[in-house]
Each structure stands twice: as C-alpha cells, then as structure tokens.
Amino acid sequence: GMSNQELMATPRVRIADSHDSFVSGARELAGATNIRRGRHPGWGEVVVYGERSFQERASPPHTKLGELYATALCGNDITGSCFYVIGSLVKVAGVWAPVGAIAASCTLWLYRWVYTEAVTALPFNGGIYNLLLNTVRSKKVAGLVATMTILSYIATCVVSATSAAAYLQAVVFPDGLSEQHATDFHMLVAIVLIVFFAVLKMCGMSESAKVAAGMFVFHLLTMAVLMITAVVAVTLPPELRGIPFETVAKNVRHNFEYTGNLDIWGRMLLGFSSAMLGVSGFETSANFVEEQADGVFPKTLRNMWIAVSLLNVGFTFVVLFATQLADLGKHSDHALAFLGSQVGGRWLEVWVCIDAFVVLAAAVLTSFVGISGLMTRMSGDRVVPEIFLKQDKVTTVAFGLICISLVLLLRADTTALEATYSFAFLAVMILFALSVFVLQTTRPLLPREMKNNPWIPTMAAALVAAALFDTVRHNLGIVPVFFCYLLVLAGCLVAYVLRIKLIRLVRKLAELVGLPSAVMRFLQRHIDAIQARSSVVYFAKTANICRLNKALMYVRDNEDTNHCRIVHVYRNEADIPKQLVHAVQILDCVYPSIRVDVVLVHGVFSSAVIQNLSEEFLIPPNQMFITCPTSEDHAKRLQNLCGVRVIMAHEEEMEHWPAEVETLGVPTADSVPLLGKGSSLTELLKEGRARSGSWHQTLSAPAVGLTEVLLESSV
C-alpha cells in the first residue's frame, strides 16, 4: 500500500546482513507458495550451453512442386468454375454479364498482389490463418477465422462431387432419370469420387499433382476447342459451318429484349457477385505454399488469373451471340454443354460434359490438398489435435468421412451448401485483404518480395464486400444455415483450445459432487501431460523487460504450457545483456503459474541452432517464438528459420539502460550483476550459480533455482 515516493525513500539493506532480497520478497508477494500443488511448476533456472558445431539436420527427401503441378492443383478448381458460373451469371445479368466478369477479373488482379505480399512475407501453409497467427496476438482469433476456410473446403468438395455426378448423368443417361434414381446416382458417384481422391491423396502429394496436371491440361484443351468452335460459328458464313448471320443478329436482339432496360446497375452488381464465385480456388495455392519450389507461388497466381479471366470473360461474350439467353437460362446447370450443342453438335456437348466431370472431380482433389496443408499448420500450433500433424492420412480420412456424411445427409441436394460456400469464401477474401493492413502496420520491416500501396487491399476488400452484401441479400434464408455450419466447426475448435480450462471445470464439479479422489488425480495427470507437451521457447535479443513481459503475456493467453524458456544466442560473452537474468527473475515472480528459464547458447542464431534446440528440448519449431526479423540475409529470412512464429514487431536494441534499471533486482549499489565486472560464465558454472546444459540430453535433472543463482551472486 506504499506510494512510489515512500518506496523510493525506504532505505536499502544489504542482502549479506538480512538474508532477504527483492526476489524473495517478490516471490512471497506473488503467493507462489500458496498456489495449489500442480498449478505452480517451480521456479526457473539458468542453463548455459557451450560452443558446438551447429549443423543443419538433413531434411527428408521432399519433392517440391513446379509451376505446372502447383498451378494444376489449385487451377482445376478456379478454371472449372466456368461450368456453373456462366449459366448463373448470364441468367441474372443478361447482356451485362461481361461487365460482371470483367469486374471480377479486375478484383482478382488486385488480389494477385495482396496474396503475393502476404505469402512472400510469411511463406508457410495456412493462408489467412498463417497470416493472422503471425500478425495478431491471439491464436484463437486466427483459428476461428480458419474455420471459414475449413467450411469452404468442405462445401467445395461436396458441391464439386455432386455437380460432377450431374454432368456424368447427362452423358450416361441422356434421356434422363426419375428423381429418385437421379438422386441415388448422384450420391453414389459423389461418394466414389470422394473415396477415390482420398486414396490418391494418401499416396502422396507428387502423385496427386501428376493426376491433377493431366486433368488440368485436358480441361484447358477442351475449353480452347469450345471457345474456338464458338468464335468460328458466329464469325464465319454458314457455308463454312458457321451460324447464319441472321440467327446471330436475332440472338443479340433477343438477348437485349430478355435483359430489358430496368435496373441496369442492379443487374451489373448481381452479375459481379455471381462472377466472384468463379474465382473460388484462388486462395488454395497459399495453403500449400511450402510444397512449392522457390518462386512458384507468384506464378500460380498469375496463371490462375489469366486462365479464369480468358474463360469467364470470353464465354460471357460468346454466349450473347451464339445462344438466346432465355434458352441458356433453362440449362444454366450445364450452360457450356448447351453452348457446345449449339455451335458444334452432340459430339462437342458430350466432350464438354466429360471434361466437366473430370475437372469438377479434380476440384475434389484440390479440397483434399488445401485442407491437408491447413490442418498440418494448425496442428503444429496446437490449435487442433496433434494427430493431424503426425499422421497426414488422418486429416484425409476425417475430411473424406465428413464430406461423405454430408452427401448422405443432404441426399446430394447442395443448394444450401452452395450459398454457404459463397458466404465463407467471400468472407475469407475480405479478411485476407484486411489482414494485409495488419501485416503492414504490425510487421512493417518483415522482408517480402513486394509491398502494396494501401489502396490495393482497400479496393480489393471493398469490391468483395459489395459482392458479399449482394449475395447475402439474395440468400437471406441461407444465413442461419451458414451460421449453423460455422458454429459447429468453431465450437469444436474452441473446445480443444480451451480443453485445460474445461478439464479444470470438470474437476471442480467432480469435487462438488464428491467423486473419488482418483478421478481428480486422473484429471490432474491429464492436465500435467498436456502442459508438459506444450512448453515453448522465446528467442530474446535484448533484456528489455517490457518486451519479455509481452512475450510471457502472449504465452499465458495463447498456450497451454506452464514452462517457457527465454533463449539468448550469443557470439561473445560480453554481448550477453547483463540484465537479462534479472529481468527474467522478476517476470518469474510476476507469473508464478509459468516456470521461466534462461538459456544462454554460444553460437550464431540460425536454422541450425533452432533445429538443435528443438531436438534438445523436444519442442517443435512452431512453438518457438521470435520478434519480427528484419535481416535481408538469406540465412535469417523467416522462411529459412524452420517455421518459428512471429509474435511481436521488431525492436531496436537499447544501447544504454537508465541508472534505475541498471540495479534492478540488485538491492545495493555495490552488488555485482550476474554477468558484471569480474564475473564470467565459467566462474558462474564452477560456483553453481548456473547449470551447464549437455547437448542431446533432456533438461529434466534438478537445477539451481533462478533466485538462488542471484542470491549467491549478490552475496
């Protein structure tokens, strides 16, 4: 209850005389001795690791995807969208459909640069989840946003599988089927496709990419044949197998009459929102960027933008001359197949249907690839169970079972799921553009290939927000369905992230109802096991206690652990911040529920050091945190640091500490700091004030407490 002036006026007493110290007093005030056993993990220690020859561990053989394979995996989804977008686009926009397609192409052009900046700055799997994880101070927020990406992948898989079944039916049963038989056929084909691509995904990424590349090339070839045939039909005279010019002129007049002159701007907005669904799949490349070779990611964005712009814009122009939109609207579910029948005949219609089946089936594979990369990243960050990291096949099987269950539950009627997918996809696009603002403001010095003018993400987010608004306005009845799907996914994620608190709640209820003590011990052992597997590392460059405090606040708010190691890597002993141990000592008292160690490592900060410490502490690099790196040195770029997490912006090292801070934790002016004059690491180790760490040995042996080190040093 003393004021700051009274505290400053209190005379300082030598530790040697009173056997008391600031640290012991702070510990007493922290109340750690009164914390229930199991909640206080013990006081931190000081560990010194000597010099060694750090060598990077050879990575297991891993084939990176080239431009064709990477583009094919995500391009099948986005280029296949023309099969269902063209029909709905011309149906709502009429002759203004090309305007909507061009606006969507311009929006996608903006997103090329948005994604390039974000992913080249943070080149890890996960898309928007990875971006938020490294820029905001809440892992829960990043995980909740990721649920929308998961939902969009589920919807893509189910909708693509059932749509492919519908096109296959048009080829196999041209005379149609009864409603019951058609439903059964769609369900059977959709389930077979999901199972087939799940097995293919489990065979490996390289094999999946080869199959996707074959499908992608076949699809582009089919679209080129259809486009050329349609252009020839409307431009050449009838004797050269073209459509009569009178028919073309009649089609154009009919299409303008069909559209009308009312609410032109409304039709353009409707066309734009429909056309934006034709760019779905653009975000997929960011979810498996770690599987791509260097420099491939920006090329995949360029290739997808060119392909989808040519197809969607080109076909919306062609159908205005080659067909009557009233007739096309009746066949909107297979508009391009109808176009093929008008300009080429039955042979081209069948070819387009087969291609539609193939490329929509390939979109199922795209969903498996995207969800695998996302879940692997989230599992490494302990947002979802670790089994998804250890066994990639578990992700594939679980995702496949969820999609199959939805096919059976919905009986292949995906109308509501299509709108749900639209909401999720457009919301993710908006949040991605807004997240680039966060990246630019919180990580301004993080190296990247390019940095956008703020107007680019602003315009991109505004355009997609307009499309989302119009989509929601015309599908208000589906909004509750969307939130039902989203809340189920978010609830599962929150339950896992908060599992320790939930277990403690269950234990408290068990105590209240008088269950046997064995139940409480079992629950406590489960909590201890979770915390033991969740210890983290924070690499500290300076002894700035404010920054160290922010790091521990982040750990407390986002991680399940009760053990944090503050690691400082030094070249020369004189470079070690002399107040580092004292600052950590204070924070060890401030956070009695977290054991805070100081680890001093002789070496040069690099990926080799990270790998060695990961093996030494049994902590994955995902659970190692750093401040924002700014070095342009290739070895210190974020993508070469094994996937460590950025939790704070860059800081400039303080060259001079205030006099008050110089004696922080040392109650007397003539006390000697831990690494002060006349002291060395060797002497500290000999005198037992610090412990020497042994490489390739788990740090489980009893050690000298942090307070004891400082007390002996001061005395």
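On a predicted model such as this, the values are computed, not experimentally measured, just so you know. (Residues numbered from 1 in each chain as written. Predicted model: local features only at pLDDT ≥ 70, side-chain atom pairs only at ≥ 80, totals over all residues. Heavy atoms only, no water.)

Structural notes on the overall build of the protein chain
Argument step 1. Looking only at helices and strands, the protein chain has 29 helices and seven strands in total.
Argument step 2. Within the protein chain, the proportion of its 715 residues that are buried is 55%. (Helix = DSSP H or I, 4+ residues; strand = E, 2+ residues; numbered from the N terminus. Buried < 20%, exposed > 50% of the residue type's maximum accessible area, 1.4 Å probe, protein only.)

Re the pattern of salt bridges
Argument step 1. Counted according to the given criterion, the structure contains 15 salt bridges.
Argument step 2. Salt-bridge contacts for arginine 645 lead to aspartate 381; the nearest nitrogen and oxygen are separated by 3.4 Å. With arginine 645 in strand β6 (residues 645-648) and aspartate 381 in the loop between α16 (346-380) and α17 (387-390), the pair connects residues that are 264 residues apart, well separated along the chain. Both residues of the pair, arginine 645 and aspartate 381, count as buried.
Argument step 3. Overlapping salt bridges bring together Lys139, Arg377, Asp381, Glu559 and Arg645 as one network. (Salt bridge = Lys/Arg side-chain N within 4 Å of Asp/Glu carboxyl O.)

Some words on the packing of aromatic side chains
Argument step 1. The tally for this structure, following the rule as stated, stands at 15 aromatic pairs.
Argument step 2. Ring plane angle 85 degrees and centroid distance 6.0 Å describe the contact between tryptophan 109 and tryptophan 113, whose orientation is recorded as edge-to-face. Of this pair, tryptophan 109 and tryptophan 113 are both found in helix α6 (residues 97-121), four residues apart, which corresponds to roughly one turn of the helix.
Argument step 3. Classification of tryptophan 109 as partly exposed rests on a relative accessible area of 36%.
Argument step 4. Their ring planes at 50 degrees and their centres at 6.2 Å tell us that tyrosine 111 and tyrosine 115 sit as a pair that is tilted. Residue tyrosine 111 and its partner tyrosine 115 are located together in helix α6, separated by four residues, close to a single helical turn.
Argument step 5. The exposure class of tyrosine 115 is buried, given its relative accessible area of 1%.
Argument step 6. Members of the aromatic cluster, connected to one another through ring pairs, are Tyr111, Tyr115, Phe282 and Phe432.
Argument step 7. Above the plane of the ring of phenylalanine 617 lies arginine 565, whose end atom (NZ or CZ) is 4.2 Å from the centre. (Phe/Tyr/Trp six-rings, centres within 6.5 Å; stacked < 30°, edge-to-face > 60°. Lys NZ or Arg CZ within 6 Å of the ring centre and 35° of its normal.)

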